[in-house]
Amino acid sequence: MYVIKIDREKCQACGDCVDTCPNELIALVEEAGVQFAMYTGNPDDCIGCFSCESACPEGSLTVTEL
Ligand code: SF4
Ligand code: SF4
């Protein structure tokens, strides 16, 4: 199982992680007028491909295997 952590402070809501996920597990959401990426998929659906982590230009997203 993999855990996706996204640092909201560093996320620039570029959408690159959203676009690259083969299983469409990440989405851009908005809270109090601030947009950021969030893992919205089922916890078990992540295949640990690390595409999202590699795609993030801000280093704000990490994939960890539990
Ligand atoms: S590791 Fe791969 S499958 Fe998992 S959320 Fe990132 S891009 Fe999607
Ligand atoms: S790629 Fe990084 S900066 Fe861009 S939306 Fe995803 S987490 Fe945020």
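Read on for a plain summary of the structure. All figures in this text were calculated on a predicted structure; none of them were measured in a lab.

**Quick notes on the packing of aromatic side chains**
A full pass over the atoms with the stated rule returns one aromatic pair. Pairing tyrosine 2 with phenylalanine 50 gives two aromatic rings, centres 6.3 Å apart and planes at 85 degrees, and the pair type is edge-to-face. Within this pair, whereas tyrosine 2 is found in strand S1 (residues 2-6), its partner phenylalanine 50 is found in the loop between strand S3 (34-39) and helix H2 (51-55), the two being separated by 48 residues in sequence. In this structure tyrosine 2 comes out as buried when scored by relative accessible area, which is 18%.

**Regarding the site of ligand 1**
Ligand 1 sits among Ile4, Cys21, Pro22, Ile26, Tyr39, Cys46, Ile47, Gly48, Cys49, Phe50, Ser51 and Cys52. Split into classes, the residues belonging to the shell around ligand 1 amount to ten nonpolar, two polar and no charged.

**Focus: the site of ligand 2**
Surrounding ligand 2, one finds 14 residues, the nearest of these being Cys11, Cys14, Gly15, Cys17 and Cys56. Its residues placed into classes, the shell around ligand 2 shows nine nonpolar, three polar and two charged.

**With respect to the side chain of serine 60**
As for its position among the elements, serine 60 is in the loop between H2 and strand S4 (61-65). Look past the residues within four positions of serine 60 in its chain and what remains in contact with it is Lys5, Ile6, Asp7, Lys10 and Cys11.

Parameters and conventions
- Residues numbered from 1 in each chain as written.
- Chains lettered and ligands numbered in written order.
- Predicted model: local features only at pLDDT ≥ 70, side-chain atom pairs only at ≥ 80, totals over all residues.
- Heavy atoms only, no water.
- Phe/Tyr/Trp six-rings, centres within 6.5 Å; stacked < 30°, edge-to-face > 60°.
- Helix = DSSP H or I, 4+ residues; strand = E, 2+ residues; numbered from the N terminus.
- Buried < 20%, exposed > 50% of the residue type's maximum accessible area, 1.4 Å probe, protein only.
- Near = heavy atom within 4 Å.
- Nonpolar A, V, L, I, M, F, W, Y, C, P; charged D, E, K, R; others polar.
- Contact = heavy atoms within 4.5 Å.

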